[in-house]
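Inside the fold
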Amino acid sequence: MKEYTLITVIKGSNRNAGPKAPRDIADILKQTDKVETVLLEAEEHRDYPLFLRLLQQVEQIQAASKKVILQYPLQPFSFFEHQELFAKAYSYFDPDRTILWIHDINKIRSPQRLECRNEMEWLKPFRHFIVHNTAMEKYMRKYIPMGTYIRNGVFDYLCMGGTIQKIQQDISMGSVQVVFAGNLIREKSPFLYDLDSKKMNFRLNVYGKREELMKNGKIYYQGNFSADLLPSRLRGDLGLIWDGGIDSADISTYKNYTRYNTPHKFSCYMAAGLPVIAWREAAIAEVIQKYQVGYLIDNLYEINSLDLSRYPEYQRNAQDLGEKVRSGYFTKRVFAQIEERWNDLWF
């Protein structure tokens, strides 16, 4: 019998990036001889039956005295509306034998949602967490100071096809193509609608579900692809990691959340072998500096004056890191830490 059970509840299609990271973690860990995976997929108008199926799974796991890795948050079809319903399931887990793999903290990401107001209360009974980075750990410790924390660092990204791009030596300003793959709605990515083409000395290729027209002659819509295929479809020189407005003056919740999370699009760009551009104050800046895979800026118009002499170095490093995220390296590393710290996590 396998020692661990990984529980994952997801929603969304394969064109939606939401379930991509938890699904990849499940696919990577089920290849081990120690982890069985329980994957429950949400369907429209079927959240309550899904909740009951989850409880049945938990009862079976508890009866077998298994250790649990629970991917958090659970993703009912009505994601926000039914978070409190699914939070009732947390009381069924043994906090001494459960570790939560955190993907998002909705209290930071969507503080305006009343459904998220008790989120930290749901998590307080637990003792063991896998978090994105140092910033997220510090936030969690304000509410659960005695918890045991493992930092994930980078999410893996399993994908099909797509040879990693060749090293470019002749990139020059004026010919730079920047890639943005993600949520294209004005509320989350207003910079797409506010950029002035006259101030842009670069082209911006965007990927995702088209919501409305971007009236900018230097922004080109490139289509919407499944998350598994997306890295092989990206065309450009640099991947943009950006939420909110054009510069650091933006105080929106979307911008603030980037101070705490490790965005999954970073892993997508690495899987494609693309160096990145990100906000200097974002949590991902620490990773970018550590692996030397891109540029940090405060204002999107700073793209016009990047030091492109470093681009070949950044691209080589991005390809090296891309090999790791495509192979499941970081998920396997976290699981190895769980096993190494066995006595600290479970007793």
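Structure first, text after, so check above.
Residues numbered from 1 in each chain as written. Predicted model: local features only at pLDDT ≥ 70, side-chain atom pairs only at ≥ 80, totals over all residues. Heavy atoms only, no water.

Some remarks on the sheet that holds strand S9 (residues 219-221)
Quick note on the threshold: Strand pairing requires that DSSP identify at least two bridges connecting the strands. Only DSSP runs of H or I covering at least 4 residues are called helices, and only runs of E covering at least 2 are called strands; the numbering of each starts at the N terminus. Simply put, an axis is a line fit to the C-alpha atoms, just over the touching stretch for a helix, and the angle between two N-to-C directions goes from 0 to 180 degrees.
Taking strand neighbours across the sheet as the criterion, the 6 strands line up as S9-S8-S7-S10-S11-S12 in an open arrangement whose pairing is parallel. The sheet is open, and its two edges are formed by S9 and strand S12 (294-297), each paired on a single side. Averaged over neighbouring strand pairs, the angle between their axes works out to 30° when direction is ignored. Here strand S7 (residues 177-181) pairs with strand S8 (residues 203-207) via 5 bridges, running parallel. Each bridged residue has a counterpart across the sheet, and for Phe-180 the counterpart in S8 is Val-206.

Comments concerning the packing of helix H1 (residues 20-29) against helix H13 (residues 329-340)
For clarity, the cut-off: Roughly parallel means an angle under 35 degrees; roughly antiparallel, over 145; roughly perpendicular, 65 to 115; everything else is oblique. Left-handed describes a crossing in which the near helix is turned anticlockwise from the far one by less than a right angle; the clockwise case is right-handed. We call two residues in contact whenever any of their non-hydrogen atoms come within 4.5 Å of each other.
Axis separation between H1 and H13 bottoms out at 10 Å; the angle between their running directions is 65°. One finds that H1 runs roughly perpendicular with respect to H13. By crossing handedness, the relation of H1 to H13 is classed as right-handed. For the pair formed by H1 and H13, the contact residues are Ile-25, Ile-28 and Leu-29 on the first element and Thr-331, Lys-332 and Phe-335 on the second.

Quick word on the sheet that holds strand S1 (residues 4-10)
Taken together, 6 strands build an open sheet; the order of strands is S2-S1-S3-S4-S5-S6 and the sheet is parallel. Since the sheet does not close on itself, it has two edges, and those belong to strand S2 (35-41) and strand S6 (148-151), each with one partner. Here the strands of the sheet are splayed against their neighbours by 20° on average, with no regard to which way each runs. Bridge count for strand S4 (residues 98-102) against strand S5 (residues 128-131) is 3 bridges, and the pairing is parallel. Across the sheet, Trp-101 pairs through a bridge with Ile-130, a residue of S5. Where helix H2 (residues 47-63) meets the sheet, it contacts S1, S2 and strand S3 (67-72), and its direction lies at approximately 175° from that of S1. Each of S4, S5 and S6 is contacted by helix H6 (residues 134-143), which is oriented at about 165° to S6, the strand it contacts most.

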